[in-house]
Amino acid sequence: FYIIGDGNWHIAYIPLDIPSLASQAVPYSIVETIRLWPATFRPADDFRKESPAPNAGNSFTIDWIRMIRNPILKRVTGCYGEMYSDEITFANKIALVSQSTEKINGFLNNYHTIWERRNTTLSFARSYNCRREGGEVITLEGLNFGASSDISAPAVVEIDGVECTNVVHDRNTPQELLTCVTPKMPTSSNPQSRFSTIKIRNGRLPGLIYGAPFFKYAVAPPIPSDLFISNIAARSIDLNWKIGGSFWQHMTVTGFKIRWRKQQSRASWEFSMIIGNTTTTSIRYLEPNTSYFIGISALCEDQGK
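Presented here is a report on the structure given in the accompanying data block. (Residues numbered from 1 in each chain as written. Predicted model: local features only at pLDDT ≥ 70, side-chain atom pairs only at ≥ 80, totals over all residues. Heavy atoms only, no water.)

**Observations regarding the nonpolar core**
One recurring pattern in soluble globular proteins is that nonpolar side chains are buried together.
Part 1 of the argument: I138, L140, V157, I198, F214 and F215 are the most contacted members of the largest nonpolar core, which totals 28 residues.
Part 2 of the argument: At the level of elements, β1 (72-77), β6 (124-130), β7 (137-143), β8 (156-159), β11 (177-181), β12 (196-201) and β13 (209-217) are the ones that each hand at least two residues to this core.
Part 3 of the argument: With five residues, β13 is the largest single contributor of residues to this core.
Part 4 of the argument: In contact with I138, not counting residues within four places along its chain, are V76, T77, G78, C79, I159, L178, T179, C180, T182, I198 and F215.
Part 5 of the argument: Listed in part, the 13 residues of the second largest apolar core include L239, W241, I275 and L286. (Core = buried A, V, L, I, M, F, W, Y, C linked by side-chain atoms within 4.5 Å. Buried < 20%, exposed > 50% of the residue type's maximum accessible area, 1.4 Å probe, protein only. Helix = DSSP H or I, 4+ residues; strand = E, 2+ residues; numbered from the N terminus. Contact = heavy atoms within 4.5 Å.)

This is the structure we're talking about:
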């Protein structure tokens, strides 16, 4: 960085070379020693020029240095899915969510997702199954969020480059805890394959920034599988199927849409119905001696309802 001997304060953002985040201790370690020595270098804008030589030989003096660390993000919670780990890479993780199965009339399976919140024993947390339309209040926990006691310069929080709104620092621990409202999912997000990067930036010193893949918008529900037709009658049939996908994808399903039409019909879909989170239903009032196309898709409605 340039040494400007004009007697004024100057801010230099100096990134530390962190080779890997595989070790959770690296980004959270404490800098104990810094060595500075004079040097000349060529600015990037003109390689023929060199930095001005020091005023007094090849040395300079520093009265004192004030160091401010960048924000560090450890936990993001608040969505309907939360995942916890003692490692920043989430190599070993737990999610406080389970599936409950009940019987309707002692026969039909009805599935419910049971969410549990706020595991405080593990260091890291990230949120998933967050609303794509935004408007969800999330909580960020970590260090060096950059707010003074009067909270006059709140941090800036971004999800895949789009800012959150209503950033509010905790009054008692403003450097370590804040809340914000999530934005609508940007087109750059791809929740089917990855977690979104959530960044927190110092409100007073915008060069101090930290990002981590600790946020994920809701994904499309899995495609149902193994559709089976039984009890074929003159005017009705029974349908059975499986939810499809993995156990974690099952958590996103809130119901199903059934559609059917006559085989000779030119209409896209003549009839439809929406049912709850069960994998068995009946279609009635069909016409005898008629062939039908039947389609089924899973639904993932507003997670807050």
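**Looking at the sheet that holds strand β14 (residues 225-230)**
Part 1 of the argument: One open sheet accounts for three strands, arranged β14-β15-β18; its pairing is antiparallel. Edge positions in the sheet fall to β14 and β18 (280-283), since each of these pairs with one other strand and no more. Shown here is a sheet whose adjacent strand axes are inclined to one another by a mean of 25°, direction ignored.
Part 2 of the argument: By the bridge criterion, four bridges tie strand β15 (residues 237-242) to β18 in an arrangement that is antiparallel. For I237, the partnering residue across the bridge sits in β18 and is I283. (Pairing = 2+ DSSP bridges. Axes fitted to C-alpha atoms, helices over the stretch in contact; angles between N-to-C directions.)

**Observations regarding the side chain of K262**
Part 1 of the argument: Residue position: K262 is located in strand β16 (residues 255-262).
Part 2 of the argument: Dropping the residues within four chain positions of it, K262 is found in contact with E270, E287, T290, S291, Y292 and F293.

**Here's the deal with the state of the cysteines**
Each disulfide consists of a covalent bond between the sulfur atoms of two cysteine residues.
Part 1 of the argument: Taken as a whole and judged by the stated rule, the model has one disulfide.
Part 2 of the argument: C79 shares a disulfide with C130; S-S distance 1.9 Å. Negative torsions about the S-S bond denote left-handed disulfides, and the value of about 105° found for C79 with C130 makes this one right-handed. In this pair, C79 sits in the loop between β1 and β2 (81-85) while C130 sits in strand β6, placing the two residues 51 residues apart along the sequence. The two residues C79 and C130 agree in class, both being buried.
Part 3 of the argument: Free cysteine: C164, not disulfide-bonded; nearest cysteine sulfur from C180 at 3.5 Å.
Part 4 of the argument: A relative accessible area of 6% means that C164 is categorised as buried.
Part 5 of the argument: C180 gets classed as buried once you look at its relative accessible area, which sits at 1%. (Disulfide = S-S within 2.5 Å.)

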